[in-house]
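# Remarks on the overall topology
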Amino acid sequence: MFLLRDCGLMAKSLVTKGRVMLRFCVATSLPVFFLTLAGLQGGLWCVVALLYLTVFTFVMDRLAYGAVAKRKSDGEFPVGEELAVFLGLAHLGLIVVAIYAIGGDSGLSFWERLVCFAAYGLFFGQVSNANAHELIHKQARWPRRLGKAVYISLLFGHHASAHPKVHHLWAASAMDPNSPAPRQSFYQFWPRAWIGSFRKGLQAESELRARSSRNFSPWSHPYVAYILGGALVVTMAAIWFGFSGVLALIFLTGYAQMQLLVSDYVQHYGLRRTRGADGKLEPVGPGHSWNAPQFYTSALMLNAPRHSDHHMHPLRTYPALELDPSQMPYLPRSLPVMGALALWPRMWRRVMDPKVAALRTSTN
Amino acid sequence: MKKTLCLIAMLATPLVAETPMSAAEFDSYTQGKTLYFGTNGYRYGVEEYLPDRRVRWSFLDGQCKDGFWYEDAGQICFVYEDNPSPQCWSFFDRGGNLGAIFETGGDLTELYEIEGNGEMICLGPEVGV
């Protein structure tokens, strides 16, 4: 319903919002379609989804090189909220299907389950994460709650607090657990990011509640929902799909969380805000995030690779995010490719440390 | 022992929870001003305070919406033209700098006053398509 309305806008006129939204609608809805079929029809559709999320996306990035999102003729950008809500709801359904397919009584062979693990895991890590991130930045209450629900289902609920209240505040500084320290490998980074964001998010929420003059019930603390919600998800997996279901959930959500953390790692590696003479951090600028311009992966991840503009304007909706190669540093490959490279620290440093050094000399 | 703890707790409370501004204090602080607000390290929005408790808000995106405010149970509540539900905030005067906390279903947003830079642009409604 939502999807048809948002994507259906393109039927009205080629110069309306539809043309801009088309890339996002198509790129994200195809894997939803494949993965839904996978749950009903079995492993072959997981192969299709996996090939789509890897080979097809990579090829499309190369083919559409140079194409960037354009404004409509009157300068307006679509808001894209219907697609974001659709993807959030689709996620909640797909995670149940995924656990069933991988850990439940689905009749899939071991190899089918493995391929499905990769396919669902990549979808949750690249599309669901990017979309939930979009939702938690929204002003409206219900889209934001949907975003939180997606993170809770990934056993990563605290990210909904830590991301806006810690990462955005302290990005590219030593105070942010989700910005890597200089030359830190991903393997050193991720436990500090996970635990650090949990603790600092908790602290930020608690202190904010204390500063307000209202009396809050302890049960309304957001972390109560994150922890109890996570426990509920695990319990439901156990009841519906047994121990193997819980195992599938742990591995699948772990895989999705790792992709989110590698995204943070890649997007802020080596970039640091300076402190002025008064001790204050400089404001977040175009040079404090890594960006990637590739067309199809940007569509798949709702412009998440346009990271500098997102940090400079966190309320800007994803179709409106901008790139500026003259001011914003670019990764040498697409975000997913760089994420994979980050798993190999020696090669990662060999590729990225010279780029970081070059940026530093050009600013000095 | 209990009494001592109670006393300490009562004394400590003002240190954590500030007293929100009353309607009169808020009115006199904001009259005729255009205030810019930030949150979590980024610019959030701007509000123009007009006579008769009317306001105009923008998320610094070229779009503006009109509204008005009133006091309700110690909070300042705003109703804007695009949403009949009131949004209620607690405002604090932090040494000549306005702060505000907004709660919607347990999710708190905190704003603080920041320096303006003439960004309150209100473009007209969409013409044509």
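Residues numbered from 1 in each chain as written. Chains lettered and ligands numbered in written order. Predicted model: local features only at pLDDT ≥ 70, side-chain atom pairs only at ≥ 80, totals over all residues.

## Some thoughts on the nonpolar core
By size, the foremost hydrophobic cluster in this structure holds 95 residues, and its most contacted members are Ala49, Ala119 and Tyr120 of chain A. The biggest single contributor to this core is helix H9 (residues 222–268) of chain A, with 14 residues. Residues within four places of Ala119 of chain A in sequence aside, it is in contact with Leu35, Ala38, Cys46, Ala49, Leu50 and Leu53 of chain A. With 15 residues, the next largest nonpolar core counts Phe26, Tyr36, Ala100 and Ile101 of chain B among its residues. (Core = buried A, V, L, I, M, F, W, Y, C linked by C-beta atoms within 7 Å. Buried ≥ 20, exposed ≤ 12 C-beta atoms within 10 Å, placed from the backbone. Helix = DSSP H or I, 4+ residues; strand = E, 2+ residues; numbered from the N terminus. Contact = placed C-beta atoms within 7 Å.)

## Comments concerning helix H13 (residues 345–363) of chain A
Residues and elements named next belong to chain A. In this model H13 runs 26 Å from its N-terminal to its C-terminal C-alpha over 19 residues, within 8% of the 27 Å that 1.5 Å per residue would give. Of all bends in H13, the biggest is about 30°, found at Met352, and the proline Pro354 comes one to four residues later. Counting buried residues in H13 gives one out of 19 residues, a small share hidden from the surface. (Expected span 1.5 Å × (residues − 1). Bend = angle between axes of the 7 residues up to and from the residue.)

## Focus on the pairing of strand E2 (residues 42–50) of chain B
Residue and element names in this part refer to chain B. Direction of pairing for strand E1 (residues 34–39) relative to E2: antiparallel, over a ladder of six bridges. Paired with Leu35 across the bridge in E2 is Glu47. The hairpin turn running from E1 into E2, its antiparallel successor, is two residues long, and Asn40 in that turn takes a positive phi close to 45°. Two elements, E2 and strand E3 (residues 54–58), share five bridges in a ladder whose sense is antiparallel. (Pairing = 2+ DSSP bridges.)

## Considering the confidence of the model for chain A
Residue and element names in this part refer to chain A. Overall, the prediction assigns chain A a mean pLDDT of 91, with 91% of residues at 70 or greater. Taken element by element, the predicted model of chain A shows its lowest mean pLDDT in helix H1 (residues 2–8) (53) and its highest in H9 (98). Counting interchain partners and residues more than four positions distant, the pLDDT-below-50 stretch residues 9–15 has 15 contacts. (pLDDT = per-residue confidence, 0-100.)

## Let's talk about unusual backbone geometry
All names here are of chain A. Positive phi values are uncommon outside glycine, yet Ala172 reaches one of about 60°. Mapped onto the fold, Ala172 is located in the loop between helix H7 (159–170) and helix H8 (186–211). Take Ala172: there are 24 C-beta atoms within 10 Å of it, and that puts it in the buried class. Although it is not a glycine, Leu302 sits at a positive phi angle of roughly 50°. Tracing the chain through its elements places Leu302 in the loop between helix H10 (295–300) and helix H11 (307–312).

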